[in-house]
Amino acid sequence: MLNRGTGGALIPFDPDEYYRRQIALKELGREGQERLRRSRVAVVGLGGLGSPAAIYLALAGIGHLRLIDQDTVELHNLHRQILYTIDDLRYPKAEVAARRIKRMNPDVVAEPIPENLGRENVDRILEGVDCVVDGLDNMRTRYIVNEACVRKGIPYVYAAVIGFEGCLSVFRPPRTPCLACVFPNLDDRALPSCETRGILGATAGIVGAMEAMEAIKVLAGIDSIEGSLLICDFIDMYISKVEISRDPRCPICGEGGRGRAVGEPEGLIWLCGRNTVNVNPKEPLGLSVEEMHERLRGRLRVLLKSPFALVLERDGVEISLFKGGRMLIKNVKGEDDALGIYEEIMGYLRGGP
Ligand SMILES: [Zn+2]
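Residues numbered from 1 in each chain as written. Predicted model: local features only at pLDDT ≥ 70, side-chain atom pairs only at ≥ 80, totals over all residues.

> Please explain the domain arrangement of the chain as it appears in this structure.
Reports of interface size often rely on the accessible area that becomes lost once the parts have come together. Domain boundaries in the chain define domain 1 (2-243) and domain 2 (268-349). Once you take the C-alpha centre of each, domain 1 and domain 2 turn out to be 28 Å apart. Taken together, the 16 residues of domain 1 in the interface contact 17 residues of domain 2. Residue composition of the side of domain 1 that touches domain 2, by class: five nonpolar, six polar and five charged. (Domains from an automatic or database assignment. Contact = placed C-beta atoms within 7 Å. Nonpolar A, V, L, I, M, F, W, Y, C, P; charged D, E, K, R; others polar.)

Right, dumping it as structure tokens:
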């Protein structure tokens, strides 16, 4: 494989040289490295946790990384989401992440999925992966991912961070509990968010790197922390490892559980602690970004056009319109406003007046 260096010259990519210091690990060796190369990992959520996790997975030589995030890059992301720079504002995170990772390790297939993960598409999005790494910021989506992982028998590396604290585990029932055994029925509305409590970039950095560590161990056949929950307090650097056990009556992994049924797409979803709403189309829209641009450019201000999305603005409201018709509507006050904008734009796209 040849790659263009900064001076424009073609330089050879030699995997043996790239992974030399890693293959030297007796715990891994060539055989472990080959296992990593044959692995597929989904990183769900490419924020503070997903950024370092995806980077270390790519650097370790995971053969195929599926990079999933519904969101676009915002200024208040940059202090902790190390995949992005100031040049990436407004671009879809999945698109930027795939591009960056490809530059870090050209040996890796980086597959961008700029979609909103829900019950209706989770099985398709996680199809064929050997491990799922959690970069999410809400329990609602974590429960959906957990259910799918139980159903499909995929190891799930779970983590969550806030402030100076984090926790981490590897769920792979029936050997271990699942997320719902350990944290049943947590409601996001009752939990502090990164918006209200705040978060230090380094907190997410440490725990995201730990997630990559656990996923690599799972894939290379090295013992992981499965069966334990790691609880980290970075104020006094106290890290405790507590044993966790299965709930035999767990509705997800218990007797007669095996994950919940597949659902309908949810129409409108507020994003974690912000004035941002995600609206999923009832039917995917069969227009390219180019065609959407043609139909909208005289009607709203176009801030950005990328291969995956169009970002539009009107009266301070910013709309990221993704291929397929999904919209992220930012700076809206209420659901009626959001749905009004959504219907108006859909009208233009379907060829209305
Ligand atoms: Zn369970």
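So, next bit.
> Looking at this structure, how should I read the sheet that holds strand β15 (residues 317-322)?
Sheets are built from strands that pair by backbone hydrogen bonding, the pairs being arranged parallel or antiparallel. Strand order in the open sheet formed by six strands is β11-β12-β16-β15-β14-β13, with antiparallel pairing between adjacent strands. At either end of the open sheet lies a strand with only one pairing partner, and these are β11 (268-270) and β13 (301-305). Across the sheet, the axes of successive neighbouring strands diverge by a mean angle of 20°, strand direction being ignored. The strands touched by helix α10 (residues 289-296) within the sheet are β13, β14 (309-314) and β15, with β14 carrying the most contacts at an inclination of about 20°. (Pairing = 2+ DSSP bridges. Helix = DSSP H or I, 4+ residues; strand = E, 2+ residues; numbered from the N terminus. Axes fitted to C-alpha atoms, helices over the stretch in contact; angles between N-to-C directions.)

> I'm lost on the pairing of strand β10 (residues 238-243) in this one. Help?
For a regular strand, side chains alternate in direction, first toward one face of the sheet and then toward the other. Of all six residues that make up β10, zero are buried, and the element is exposed over most of its length. Pairing between strand β9 (residues 228-233) and β10: six bridges, direction antiparallel. Residue Asp233 lies in a different strand from β10, and its bridge partner there is Tyr238. The antiparallel hairpin formed by β9 and β10 contains four residues in its connecting segment, where Met237 sits at a positive phi of about 55°. (Buried ≥ 20, exposed ≤ 12 C-beta atoms within 10 Å, placed from the backbone.)

> Looking at this structure, I do not really get helix α4 (residues 50-60). What am I missing?
One turn of an α-helix holds 3.6 residues; hence residues three or four places apart share an orientation. Of all 11 residues making up α4, nine are buried, and the element is well covered by its neighbours. Every buried residue belonging to α4 is among Gly50, Ser51, Pro52, Ala53, Ala54, Ile55, Leu57, Ala58 and Ala60, and all of these are buried. Following α4 by one or two positions, Gly61 adopts a phi angle in the positive range, close to 90°.

> Which parts of the structure should I look at to understand the packing of α10 against helix α11 (residues 335-349)?
Helix-helix packing: each pair is described by the crossing angle between the helix axes and the interaxial distance. It is the contact of α10 with α11, at a shortest axis distance of 9 Å, that shows an interaxial angle of 105°. By the criterion of interaxial angle, the relationship of α10 to α11 is roughly perpendicular. Contacts between α10 and α11 involve Met292, Arg295 and Leu296 on the former and, on the latter, Ile345, Tyr348 and Leu349. Taken together, the residues of the contact of α10 with α11 break down into five nonpolar, no polar and one charged. (Parallel < 35°, antiparallel > 145°, perpendicular 65-115°, else oblique.)

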